[in-house]
Amino acid sequence: LAYATSHFARQNYTGIQRFMQADFELGPMKHTVLLGVDYKWASVDAVWAYGAGPNINPFDPDYGADVPELPPQVDTSEHIDQVGVYVQDQIKFFDKLVLTLGGRQDWAKSDVENNLGGGDKVRQDDDDFTPRVRTSPAPTRRAATCSRF
């Protein structure tokens, strides 16, 4: 007995990122400030089917053998939305020390729908903030050390 499979997937992705940068000095400190937003959207439809196929004779294969219609075992539609905003200030002190302060807030939503049977839908909503602190002593213009928190 042979085994047959069939897979189908349609995928659409969109991603957009925009940011602004400002450079300025306050006394001995040089600032580079970034402010940005990004958006990602995805849609995936997937169907997987498998089952018994026609018998195969390895010594006399029939390349035109009919494969029966396979019943789908998985049929899902998934939609994902993600938005993130971030801000960062990179501060140089006397060209010897760089301090980077920043943060990012993300929101993500996922909907997965089972298109077989009752059409069950699972939704997941998440959000999180990620802080960033980094110091980089720069003993010379070509070398720097780093520590992150």
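Reference entry: report on the structure contained in this document. (Residues numbered from 1 in each chain as written. Predicted model: local features only at pLDDT ≥ 70, side-chain atom pairs only at ≥ 80, totals over all residues. Heavy atoms only, no water.)

### Brief notes about a nonpolar patch on the surface
A cluster of nonpolar residues, Ile16, Tyr39 and Trp41, forms a patch on the protein surface that exposes about 250 Å² of accessible area. Positionally, Trp41 belongs in strand β2 (residues 29-53). Owing to a relative accessible area of 30%, Trp41 belongs among the partly exposed residues under this scheme. (Patch = residues over 30% accessible without salt bridge, like charges linked within 9 Å, V, L, I, M, F, W, Y side chains within 5 Å. Areas by Shrake-Rupley, 256 points an atom, 1.4 Å probe, with all protein chains shown as cover. Salt bridge = Lys/Arg side-chain N within 4 Å of Asp/Glu carboxyl O. Helix = DSSP H or I, 4+ residues; strand = E, 2+ residues; numbered from the N terminus. Buried < 20%, exposed > 50% of the residue type's maximum accessible area, 1.4 Å probe, protein only.)

### Section: the pattern of salt bridges
The full count for this structure, using the stated rule, is 4 salt bridges. The salt bridge involving Arg123 is made with Asp111; its shortest N-O contact spans 2.7 Å. Here Asp111 lies in strand β4 (residues 97-114) and Arg123 lies in strand β5 (residues 121-137), a separation of 12 residues in the sequence. What emerges from the salt-bridge pattern is a single network uniting Asp38, Arg104 and Asp106.

### A few points about the environment of Pro68
Relative to the helices and strands, Pro68 is located in the loop between β2 and β3 (72-93). We classify Pro68 as partly exposed; its relative accessible area is 42%. On a C-alpha basis, the gap between Pro68 and Gly51 in space is 8.9 Å, while along the polypeptide they are 17 residues apart. For Pro68, the contacting residues outside a window of four places in its chain are Ala52, Gly53 and Pro54. (Contact = heavy atoms within 4.5 Å.)

### Some remarks on the environment of Asp23
With respect to the helices and strands, the residue Asp23 is situated in strand β1 (residues 2-26). Each C-alpha atom of the pair Asp23 and Val33 lies 6.5 Å from the other, and the pair is 10 residues apart in sequence. When sequence neighbours within four positions are dropped, the list of residues in contact with Asp23 reads His31 and Thr32. Polar side-chain contacts of Asp23 include one of 3.1 Å to the side chain of Gln21. Within polar-contact distance, the side chain of Asp23 engages the side chain of Thr32 at 2.9 Å. (Polar contact = N/O pair within 3.5 Å; in protein donor to acceptor, adjacent residues only side chain to side chain.)

### Describing the side chain of Ser110
One can find Ser110 in strand β4. Non-local contacts of Ser110, meaning those with residues more than four positions away in its chain, are made with Glu78, His79, Ile80, Val122, Arg123 and Gln124.

### Focus: the side chain of Asp75
For Asp75, the location among the structural elements is in strand β3. Arg10 provides the closest opposite charge to the buried, salt-bridge-free Asp75, at an N-O distance of 8.5 Å. Those residues in contact with Asp75 that lie beyond four places of it in its chain are Ala46, Val47, Glu113, Asn114, Asn115 and Leu116. (Lys, Arg positive; Asp, Glu negative; His and termini not counted.)

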